[in-house]
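One letter stands for each residue in the lines below.
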Amino acid sequence: MTRIAAFLLILLGLAAPAAADDQLAGPIMLRATVSVEDPVIRLGDLFDGPLETPSAAVAHAPAPGESVVLEARWLYGIARAHKVAWVPGSRFERAVVTRASQVLGTEAVRAALAEAVVARGLAGAFEIQFDGIAPTLKLPVDAAPTIAVQQLNLDPQSGRFTAAVTAPADAAPAARAVLSGRVFALTDVPVPVRRLLPGEVIRESDLQWAQVRADRINTSVAIDVAQIVGRAPRRPIRAGEPVRTNDLAVAVMMKKGSMVTMMLETANMLITTQGRVMEDGAEGELVQVMNTASNRVVKAIVVDPTTVAVAAVATPLSN
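Here's a quick rundown of the structure.

### Observations concerning the sheet that holds strand β20 (residues 297-304)
Ordered in space as β17-β18-β19-β20-β21, the 5 strands form a closed barrel in which the pairing is mixed. The mean inter-strand angle of the sheet, taken between neighbouring strand axes irrespective of direction, is 50 degrees. Inspection of the sheet shows strand β19 (residues 286-291) paired to β20 by 5 bridges, in the antiparallel sense. Bridging from a neighbouring strand, V289 pairs with V298 of β20.

And the structure:
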């Protein structure tokens, strides 16, 4: 550095005259961005070059996952104190030091809290929801990634809870948080595996069992596949959505006016003829069918979209 530049730094209050024997020979560079794992910041973390005591601790490190900004005046003071041949180029020079961390996310906190809730005697499936922003814990990189739940207060009626968590579980706490939220009981209900559309017949293969919050289940929600299979949606039903019985209608398998095969079967014979359906019908329902050969109308059972079964003793409804 020229004498003029050093003189200007002295005038700015960033530098002071120093004896030549206070400094080491060789270029020293400031590290503008630093990541540390230890609880202290060392001289060698801040400066790159020949140093007498690179392992010397010069400041406390920030909390895990946090950062601190070290300004030019402070850095110059540290350099002079440790005989480091470095002078800031301007008062705007700085170093940003970040403490490395491991993060225990929301799911890890939720799992630890769930174990504590079960230990309190809560049976059955449940879901935990937190008030506000989901919690995370930041630990030093060498800490055990374990969580202890303390001061758990749980109202079994409302499901409301408060608790304090610390980490690691079996050592001096490096991170802590106070939590609140609610525990919701879960119940199994049948839900569609795909989007169901109006008019289609729902089959058992269209459904699967899923756990749903019990507070979202009322008397209108189907809780058994028998309430759903064989019926048709009145409106589109999304995959994974509980099915409401009032959103279901009788599935029309056979449309009024359709041409079908009328089948009459006895122990000794099978007779078939063509007929025209006089009304909409679902599988297994009785519908009126007109024999197109005789124009007689009888009642028959819907077998599939193109076939009806006529009873052997069916009585014509008209001629």
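### Details of the nonpolar core
Ranked by size, the top nonpolar core spans 22 residues in total, and within it L137, I147 and F161 carry the most contacts. Counting only elements with at least two residues in this core, the list comes to α4 (106-119), β9 (126-130), β10 (137-139), β12 (160-167) and β13 (175-192). The element best represented in this core is α4, accounting for 5 residues. If we ignore the near neighbours within four places in the chain, the residues touching L137 are Q102, V103, L104, V109, I147, V165, A167, A175, R176 and A177. Of all hydrophobic cores here, the second largest spans 20 residues; its members include V36, L46, L70 and V97.

### Concerning the pairing of β20
Here β19 folds back onto β20, and the loop between the two strands holds 5 residues, one of which, N295, carries a positive phi near 60 degrees. Judged from the 4 bridges that link them, β20 and strand β21 (residues 307-310) form a sheet pairing that is antiparallel. Note on β21: the bridge partner recorded for I301 is A309. Counted between consecutive antiparallel strands, the loop separating β20 from β21 contains 2 residues.

### Observations regarding the side chain of S220
Following the sequence through the fold, S220 ends up in the loop between β14 (207-213) and β15 (231-233). You can call S220 buried: its relative accessible area is 18%. For S220, the side chain forms a polar contact with the side chain of N218, separated by 2.5 Å. If near-sequence neighbours (up to four positions away) are discounted, S220 is found in contact with V243, R244 and T245.

Criteria and cut-off values
- Residues numbered from 1 in each chain as written.
- Predicted model: local features only at pLDDT ≥ 70, side-chain atom pairs only at ≥ 80, totals over all residues.
- Heavy atoms only, no water.
- Pairing = 2+ DSSP bridges.
- Helix = DSSP H or I, 4+ residues; strand = E, 2+ residues; numbered from the N terminus.
- Axes fitted to C-alpha atoms, helices over the stretch in contact; angles between N-to-C directions.
- Core = buried A, V, L, I, M, F, W, Y, C linked by side-chain atoms within 4.5 Å.
- Buried < 20%, exposed > 50% of the residue type's maximum accessible area, 1.4 Å probe, protein only.
- Contact = heavy atoms within 4.5 Å.
- Polar contact = N/O pair within 3.5 Å; in protein donor to acceptor, adjacent residues only side chain to side chain.

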